[in-house]
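Listed below are the residues making up each chain.
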Amino acid sequence: ILNTGVEVVQEFGDYHYGASMIPDEDEMKPIPVRYGVFSDPSGFNIEIKESANRECKIVLGVIDLDESIEFYSTVLNMNILRKRSNTHNHPREASMCAHMSYDNSEADSTYIELLYRYGTEDVLNLGTGLQKLVVSASDLSQVVAQLQEQGQAFAVAGDGSLALTDPNGYQISITQR
C-alpha cells in the first residue's frame, strides 16, 4: 500500500461488533471481525473485511436513522437485515447503523448500511462522489402507482426511469429490470 496514494485509516486487525437489536443478539457476546479501513487517492474510505462470504456494502451517512429505515423499507421495499448501536464495538464509535437489502442476509449480498453518527447536524455534506443509487424493478408502472399512493415525490426521466430523493438528499434512480 505504501507509495500508492492509499492511506491507512484503521489498521487491519482483530476487532468486534456489538450485538444487534435486529436480529436480537446477546448484548454480552461481542461478534469478532477482522478488517481494516483505507482511503483511496480520491478520499473515499474502503473497508476490507476478512470473511467467508462475498459481500458488498455501500455506507450512507444519514440524519435520522429511523426515518431513513422507513424510507428504504417502505418506498424502496428493502428488508432491514440488521440494526445495531456501534457504541459497544471495538473500536468504539458513537453511531448506530442499519443494513438494508433486497436479499434476506448480508452473506453473499449487496446491501446499504445507513449510518447515523451521534451529533450529526440537520444537513449532511453529501460531497460530489456519489452521483446516485440505482435500483431496478420488474414493473415500473407498479412502482409509480405505489409512489403515488404513498404521496412520494418523484420524476420520470427522459429514459423512462424514476428519479427520487431520499430523506438525506441522496438521489435514487429506479430503472426497469
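None of these values were measured; they are calculated from a predicted model.

S.K.: Quick question: what am I supposed to make of the sheet that holds strand 10 (residues 155-156) here?
M.R.: Two pairing modes exist for strands in a sheet, parallel and antiparallel, and in both the strands are linked by backbone hydrogen bonds. Read across the sheet, four strands follow the order 9-12-11-10 without closing on themselves; strand pairing throughout is mixed. Strands with a single pairing partner mark the edges of an open sheet, and in this sheet they are strand 9 (133-137) and strand 10. Bridging between strand 10 and strand 11 (residues 162-165) involves two bridges; their strand directions are antiparallel. Of the residues in strand 11, the one forming a bridge with Val156 is Leu162. Strands strand 9, strand 11 and strand 12 (171-176) of the sheet are contacted by helix 1 (residues 65-75), whose axis makes an angle of about 160° with strand 11.

S.K.: Sorry, what's going on with the environment of Ala155 here?
M.R.: By the element assignment, Ala155 lies in strand 10. For Ala155, a relative accessible area of 40% puts it in the partly exposed group. For the pair Ala155 and Tyr118, spaced 37 residues apart in the sequence, the C-alpha separation amounts to 33 Å. Dropping the residues within four chain positions of it, Ala155 is found in contact with Ser161, Leu162 and Ala163.

S.K.: In this structure, what is going on with helix 2 (residues 140-150)? I would like to understand it.
M.R.: Structural remark: α-helix, 3.6 residues per turn; residues separated by three or four positions point the same way. Within helix 2, burial applies to Leu140, Val143, Val144 and Leu147. Projected down its long axis, helix 2 carries its buried residues within an arc of 100°, all on one side. In helix 2, those exposed residues whose orientation departs by more than 90 degrees from the buried face are Ser141, Gln142 and Glu149. At the exit of helix 2 stands Gly151, carrying a positive phi of roughly 75°.

S.K.: Would you take a moment to explain the state of the cysteines for this structure?
M.R.: Disulfide: a covalent bond connecting the sulfur atoms of a pair of cysteines. For the coordinates displayed, the defined rule picks out zero disulfides. Cys56 supplies the cysteine sulfur nearest to Cys97, a cysteine that is in no disulfide, at a spacing of 16 Å.

S.K.: Would you explain the pattern of salt bridges in this entry?
M.R.: Charged atoms that come close allow side chains of opposite charge to pair. Counted by the stated rule, this structure contains seven salt bridges. The partner of Asp14 in a salt bridge is Arg34, and the shortest N-O contact between them spans 3.2 Å. Residue Asp14 is located in strand 1 (residues 7-17), and its partner Arg34 is located in strand 3 (residues 31-39); the two are separated by 20 residues in the primary sequence. The exposure class of Asp14 is exposed, given its relative accessible area of 58%. The partly exposed category is assigned to Arg34, whose relative accessible area is 29%. Across the pair Asp66 and Lys83 runs a salt bridge, and its minimum N-O distance is 3.0 Å. With Asp66 in helix 1 and Lys83 in strand 6 (residues 79-85), this pair connects stretches of sequence that are 17 residues apart. Judged by relative accessible area, Asp66 falls into the partly exposed class, the value being 49%. In the salt-bridge network here, residues are joined through shared partners; they are Asp14, Arg34 and Glu50.

Conventions we followed
- Residues numbered from 1 in each chain as written.
- Predicted model: local features only at pLDDT ≥ 70, side-chain atom pairs only at ≥ 80, totals over all residues.
- Heavy atoms only, no water.
- Pairing = 2+ DSSP bridges.
- Helix = DSSP H or I, 4+ residues; strand = E, 2+ residues; numbered from the N terminus.
- Contact = heavy atoms within 4.5 Å.
- Axes fitted to C-alpha atoms, helices over the stretch in contact; angles between N-to-C directions.
- Buried < 20%, exposed > 50% of the residue type's maximum accessible area, 1.4 Å probe, protein only.
- Arc of directions from axis to C-beta.
- Disulfide = S-S within 2.5 Å.
- Salt bridge = Lys/Arg side-chain N within 4 Å of Asp/Glu carboxyl O.

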